[in-house]
Amino acid sequence: MAKKGNRVQVILECTEHKATGQPGTSRYITTKNKKNTPDRMELKKFNPILKKMTVHKEIK
């Protein structure tokens, strides 16, 4: 049976990584409650390629 409710899986991708020109991307998978946060999420997460904390935004 499928789970019910407003909680959905989202993918967070680093915003600063594209500007550097380095290969690869930093992505995280997390869940969010669509009722509480209908707009796109934006979190500070660790980017292992750049070796620092960067802003990660939700992608579709």
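That block above? That's the structure.
Residues numbered from 1 in each chain as written. Predicted model: local features only at pLDDT ≥ 70, side-chain atom pairs only at ≥ 80, totals over all residues. Heavy atoms only, no water.

With that settled, consider the environment of lysine 44. Secondary-structure assignment places lysine 44 in strand β3 (residues 42-47). Taking relative accessible area as the criterion, lysine 44 reaches 58% and is therefore assigned exposed. As a C-alpha pair, lysine 44 and asparagine 33 span 11 residues in sequence and 18 Å in three-dimensional space. Setting aside chain neighbours within four positions, we find lysine 44 in contact with Met53, Thr54 and Val55. (Helix = DSSP H or I, 4+ residues; strand = E, 2+ residues; numbered from the N terminus. Buried < 20%, exposed > 50% of the residue type's maximum accessible area, 1.4 Å probe, protein only. Contact = heavy atoms within 4.5 Å.)

Here the focus is the pattern of salt bridges. Oppositely charged side chains can form a pair if their charged atoms are brought close together. In this structure the tally under the stated criterion is five salt bridges. Among the ionic pairs, lysine 18 bridges to glutamate 13, the shortest N-O distance being 3.5 Å. Relative accessible area serves as the criterion here: at 62%, lysine 18 is assigned to the exposed category. With relative accessibility at 9%, the residue glutamate 13 sits in the buried group. Taken together, the shared-partner salt bridges connect Glu13, Lys18 and Arg27 into one network. (Salt bridge = Lys/Arg side-chain N within 4 Å of Asp/Glu carboxyl O.)

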